[in-house]
Amino acid sequence: MQLSSLLLRFAEPETLKMAKLGRELTVKGIDIIGLSLGEPDFDTPQHIKDAAKTAIDENWSHYPPVAGYLDVREAVCNKLKRDNDLDYTPDQIVIGTGAKQNIANTVLSIVDEGDEVIIPTPYWVSYSAIAGLAKGKVKFVNTTPENKYKITPEELESAITYKTKLFIFSSPCNPTGVIYTKEELKALADVFDKFPRIFIISDEIYEYINFVGKHESIAQFESLKSRVIIINGLSKGFAMTGWRLGYSASSTEIAKACEKVQGQFTSGANAVTQRAAIAALNSSLKPTNEMVKQFKIRKQIVMKLLKDIPLISCIEPDGAFYVFPEVDKYFGKKYNGDVIKDADDLCMYLLNEAHVSTVTGSAFGEPKCIRISFANSMENIEEGFKRIKQGLSKLT
Ligand code: PLP
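Residues numbered from 1 in each chain as written. Predicted model: local features only at pLDDT ≥ 70, side-chain atom pairs only at ≥ 80, totals over all residues. Heavy atoms only, no water.

Structural notes on the pairing of strand S7 (residues 228–233)
Of all the six residues making up S7, six are buried; the element is thus mostly covered by neighbouring parts of the structure. Where burial is concerned, the two faces of S7 agree: the one with Val-228, Ile-230 and Asn-232 and the one with Ile-229, Ile-231 and Gly-233 are both buried. Pairing analysis gives four bridges linking strand S6 (residues 199–203) to S7, with the strands arranged parallel. Bridging from a neighbouring strand, Asp-203 pairs with Ile-231 of S7. (Buried < 20%, exposed > 50% of the residue type's maximum accessible area, 1.4 Å probe, protein only. Helix = DSSP H or I, 4+ residues; strand = E, 2+ residues; numbered from the N terminus. Pairing = 2+ DSSP bridges.)

Some words on the site of the ligand
Around the ligand, the surrounding shell consists of Gly-98, Ala-99, Lys-100, Trp-124, Tyr-127, Asn-174, Asp-203, Ile-205, Tyr-206, Ser-235, Lys-236 and Arg-244. Residue Ala-99 places a main-chain N or O atom 2.7 Å away from an oxygen atom belonging to the ligand. One nitrogen or oxygen atom from the side chain of Trp-124 is found 3.5 Å from an oxygen atom belonging to the ligand. In isolation the ligand offers 390 Å² of accessible surface; the protein chains occlude 92% of this area. A class-by-class count of the residues in the shell around the ligand yields five nonpolar, three polar and four charged. (Near = heavy atom within 4 Å. Polar contact = N/O pair within 3.5 Å; in protein donor to acceptor, adjacent residues only side chain to side chain. Areas by Shrake-Rupley, 256 points an atom, 1.4 Å probe, with all protein chains shown as cover. Nonpolar A, V, L, I, M, F, W, Y, C, P; charged D, E, K, R; others polar.)

Some remarks on the packing of aromatic side chains
A full pass over the atoms with the stated rule returns 16 aromatic pairs. Ring centres 5.6 Å apart and planes at 80° place the aromatic pair Trp-124 and Tyr-127 in the edge-to-face group. Centre to centre, the rings of Tyr-149 and Phe-324 are 6.2 Å apart; their planes meet at 70°, and the pair counts as edge-to-face. Of the two residues, Tyr-149 is situated in the loop between strand S4 (137–142) and helix H6 (153–159) and Phe-324 in the loop between strand S9 (322–323) and strand S10 (334–335); the sequence distance between them amounts to 175 residues. Look at Phe-324 and you get buried, because its relative accessible area is 3%. (Phe/Tyr/Trp six-rings, centres within 6.5 Å; stacked < 30°, edge-to-face > 60°.)

Examining the sheet that holds strand S13 (residues 359–360)
Ordered in space as S9-S14-S13, the three strands form an open sheet in which the pairing is antiparallel. Pairing within the sheet leaves two strands with one partner each, and these edge strands are S9 and S13. Sheet topology places S13 next to strand S14 (residues 370–373); two bridges connect them, and they run antiparallel. Of the residues in S14, the one forming a bridge with Thr-360 is Ile-370.

Some thoughts on unusual backbone geometry
Along the chain, Thr-121 connects to Pro-122 via a cis peptide bond; the corresponding omega equals -5°. The topology assignment puts Pro-122 in the loop between strand S3 (116–121) and helix H5 (126–133). For the bond from Asn-174 to Pro-175, the omega torsion is 25°, close enough to zero to count as cis. Located in the positive-phi region is Asp-85, a residue other than glycine, with phi close to 55°. Relative to the helices and strands, Asp-85 resides in the loop between helix H3 (70–84) and strand S2 (93–96). The exposure class of Asp-85 is exposed, given its relative accessible area of 56%. For Ser-267, which is not glycine, the phi dihedral falls at a positive 65°.

What to know about the pattern of salt bridges
Scanning the model with the defined rule gives 24 salt bridges in all. Note that Lys-20 is salt-bridged to Glu-12, the shortest N-O span being 3.3 Å. In this structure, Lys-389 engages Asp-308 in a salt bridge whose closest nitrogen and oxygen atoms are separated by 3.4 Å. A residue pair is termed long-range when its members are at least 10 positions apart, and Lys-389 in helix H12 (residues 378–393) and Asp-308 in the loop between helix H10 (286–307) and S9 qualify at 81 residues. Classification of Lys-389 by relative accessible area gives partly exposed; the value is 34%. (Salt bridge = Lys/Arg side-chain N within 4 Å of Asp/Glu carboxyl O.)

Worth remembering: the numbers are spatial, not functional.
Quick look at the structure:
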């Protein structure tokens, strides 16, 4: 069977693959602790669920406008003003089927074959895959734990060439949990000011899962705003991963391009979810803040549990719900004669022998690390870390 060459340009997301393998073992009756997936283990707040039920009863069952209902886009504009002091109009907003869709819309709108796309590592798995789909040439810039995995203005500037078209990053970052400060963003913005051809995708999907202070967006710098595409959505902050709603905020020109792409791929985001999104975006953030409080408590416990595991080091995340420890001191060790060569082997070993699912750092462009999610109950987190510690102690 001859399938398309496009399939060779990307792989199945490692995050979803690990979850699938974990589920397969669970079906076989093995008790797996899942610390691989990137979704809150909380329920969607009641008032949002109620809004969806009302929408069903009111027959919101027809094709929505491709870019999203006007009042949903207005709600996004109000949110951007309320939370970020940013001015956008509804014609600058596109509602998509999850932030991932909005990233795809944007990349396909901007990147041509051979255009360079700069992505600082560690990065979220899908950025490079989507850039590859657009035939962009991905240029990774390796960051270090010493600089809390943040790209410096110098590193950014030296990676830029006349072919650079797009820069993609997330803050708070998946997988490291690091958050760029306003000063750090300003320093990057000063570099971008010198290169007016470059667009910036600022993935802010973890905006609310912030343990240290106020969220800062690179779109706040006026000289840059027309080239920044903010990506955000409901998945993480409102515990709504399965509802599939994201949005982009950009110049009108890019919004129109994204709408055109989306018109051929999905015809727009689910109508009922869009109605529920109005309730999420317009109402109090109390349930979100409660959830974040729990994530913060878990983070503190997870940092203690990590300190208890020999040969591992880890920066403390400022946001999101992951830790990203360096585990390379275990590479070269053996279990039953089999060598653990790298993070891929270590994750498979932890899954098959210790019965905990994590994700290999190589999926995020940092092969020394593994990603462990703390979006699970305290009980499961403690059990998961106990298993990781015991599993690692068996390697010789
Ligand atoms: N961006 C980042 C950094 C993510 O971690 C994720 C999901 O894991 C997404 C985007 C996609 O979000 P959504 O579920 O809204 O498509």
